[in-house]
Amino acid sequence: MGRIAIGTSQNDPRVLGRPLMSDHNLSARLWATAALISVPLASVWNYAWWLPLHLALLGAATQAIVGGQLMFSATLGLSRGPSRNLVLVQLLLLNVGALLVVGGRQWHSDAALAAGVVIVTVVIGWVTFLVHRLWSRSVNRRFAMTGVFYRLAGVSIILGATIGGALALGAFNDAASYLEHRSLHMTLNVLGWVGLTVVGTAITLLPTILHVRAPKIQQLRPAPWLMFGGLMVFSTGASLGLGWMASVGLATYAAGFAIFGFYVRKILAVKSRRQVPTAALHLVSAVAWLAVTVVAGIILTATSDHAALRDFIVVGGAAGFVFQALLGAWAFLLPSTRAPIPEQRRRELVAMELGGRLQVAAYNLGLVAAMVGLRTDIDISLAGIILAWTAAVSAMTKSWIFPYLGRLRGVQVRSDLWWAPPSDEGGASPPT
């Protein structure tokens, strides 16, 4: 088939033009929902944070990233995309691999866990090769930098997943070595696989969501190499137990990320004549959490405080950055990958705005409270988890029912106001 389209003229999953990312987003939302369901059951089943974390990252985030990398590579690069059948085979294998990893870990089956790690690693390597080929054949070199981010992200997860499998199989018996490689596994996955992918995608996605012209992206050329190079220095330092080297590596990553931060600042400085949507609020908040996690990591790796580093990666990296980036992306992409019927799309985008600002504020305030509770004597972590979880449940619920919400009379009225022509004074008419 030709290049992947964002939407089709027929809202029918059987047609050839169905956007490939829709299948990944469906599967990823199932995993994300399972992750949210598992959170309140953690204390009952006594599995702490491992299960919801891996349901969210290995299941939801990885599948959404794979679909997103393929779709954006074909779309931005104007390349001929892979067939839907091939991509569905990859998606099926990713699901099988994730189930084997989670099941093997929970029921102590080393064989299942090892098989799952191998399957996930091989499939991501396969996807990375396809992404490389899409960008190599691209006739549009304007966004080639996104392809660089994607390919380096693929290398990061292959390394991170391999180390994670070795950890689970008991390859690092020494306590110090185990803690170092656990930090390495988590950092490569969160800052590498997700971080590089999100930055590479946000270059074009964030201006699109905000309805503003994107700044020139040439300034970003050093960013992917500084970020990935920093991760490799960090990996070397962590493997050798050299905290100072690991810290230097994260500082190098931070330098590359700072370049992207200035780019985001330029985007936000562009005056938009539309309301700032929930998707953008979540994505910008996610970027802020990634910055907090990286800065904390620089300090904590230098001091070898693995417990604190774990807390920042889990709360700030996984929940604040990764899961929130998913919620933000879905608030825009899910309506946008449905049939391109203008009125329907406008209403469904507005359906995602219901309670959006309160949702973003509650989610991030909850995470702040959870982090404060974990790292101080102030006992507010449970209240923070409940607040953030409630906000996430609200966002996920909308991700499932937004087509029905879009049909409500109140949403239709709000949509008319939201998309009304901007007033003469500038800025859109505020929604009711």
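Caption draft 1: Just the packing of helix α12 (residues 356–375) against helix α13 (residues 381–405), in detail. Where α12 contacts α13, the axes come no closer than 7 Å and their chain directions differ by 150°. Classed by the angle they form, the pair α12 and α13 counts as roughly antiparallel. Between α12 and α13 lies a crossing whose hand is left-handed. Residues Gly356, Gln359, Ala362, Tyr363, Leu365, Gly366, Leu367, Ala369, Ala370, Gly373 and Leu374 of α12 form the contact with α13, whose own contacting residues are Ser381, Gly384, Ile385, Leu387, Ala388, Ala391, Ala392, Ser394, Ala395 and Lys398. Classifying every residue of the contact of α12 with α13 by side-chain character gives 13 nonpolar, 7 polar and 1 charged.

Caption draft 2: Region of interest: the packing of helix α2 (residues 50–77) against helix α10 (residues 306–336). Where α2 contacts α10, the two axes come as close as 11 Å, and the packing angle between them is 45°. Here α2 lies oblique to α10, going by the angle between them. Classified by chirality, the crossing of α10 by α2 is left-handed. Contacts from Leu53, Ala56, Leu57, Ala60, Ala61, Ala64 and Phe72 in α2 reach Val314, Ala318, Val322, Phe323, Leu326 and Leu333 in α10. Per-class residue counts for the contact of α2 with α10 are 13 nonpolar, no polar and no charged.

Caption draft 3: Geometry of the nonpolar core. In this structure, Phe260, Phe321, Phe323 and Tyr363 are the most contacted members of the largest nonpolar core, which totals 127 residues. Considering each element in turn, this core owes the most residues, 20 residues, to α10. Once residues within four sequence positions are removed from consideration, Tyr363 is found in contact with Ala319, Phe323, Gln324, Leu327, Ala388, Ala391 and Ala392.

Caption draft 4: The arrangement of the pattern of salt bridges in detail. With the rule as written, the count across this model stands at 6 salt bridges. Arg375 is the salt-bridge partner of Asp311, the closest N and O atoms lying 2.7 Å from each other. One end of the pair, Asp311, is in helix α10; the other, Arg375, is in helix α12, with 64 residues separating them in the sequence. Residues Arg346 and Glu343 are paired through a salt bridge, measuring 2.8 Å at the closest nitrogen-oxygen approach. Separated by 3 residues within a single helix, Arg346 and Glu343 lie in helix α11 (residues 342–351), roughly one turn from each other. Residues joined in a network through salt bridges with shared partners are Arg310, Asp311 and Arg375.

The rules behind each value
- Residues numbered from 1 in each chain as written.
- Predicted model: local features only at pLDDT ≥ 70, side-chain atom pairs only at ≥ 80, totals over all residues.
- Heavy atoms only, no water.
- Axes fitted to C-alpha atoms, helices over the stretch in contact; angles between N-to-C directions.
- Helix = DSSP H or I, 4+ residues; strand = E, 2+ residues; numbered from the N terminus.
- Parallel < 35°, antiparallel > 145°, perpendicular 65-115°, else oblique.
- Left-handed = near helix turned anticlockwise from the far one by under 90°.
- Contact = heavy atoms within 4.5 Å.
- Nonpolar A, V, L, I, M, F, W, Y, C, P; charged D, E, K, R; others polar.
- Core = buried A, V, L, I, M, F, W, Y, C linked by side-chain atoms within 4.5 Å.
- Buried < 20%, exposed > 50% of the residue type's maximum accessible area, 1.4 Å probe, protein only.
- Salt bridge = Lys/Arg side-chain N within 4 Å of Asp/Glu carboxyl O.

These values are about where atoms sit, not about what they do.
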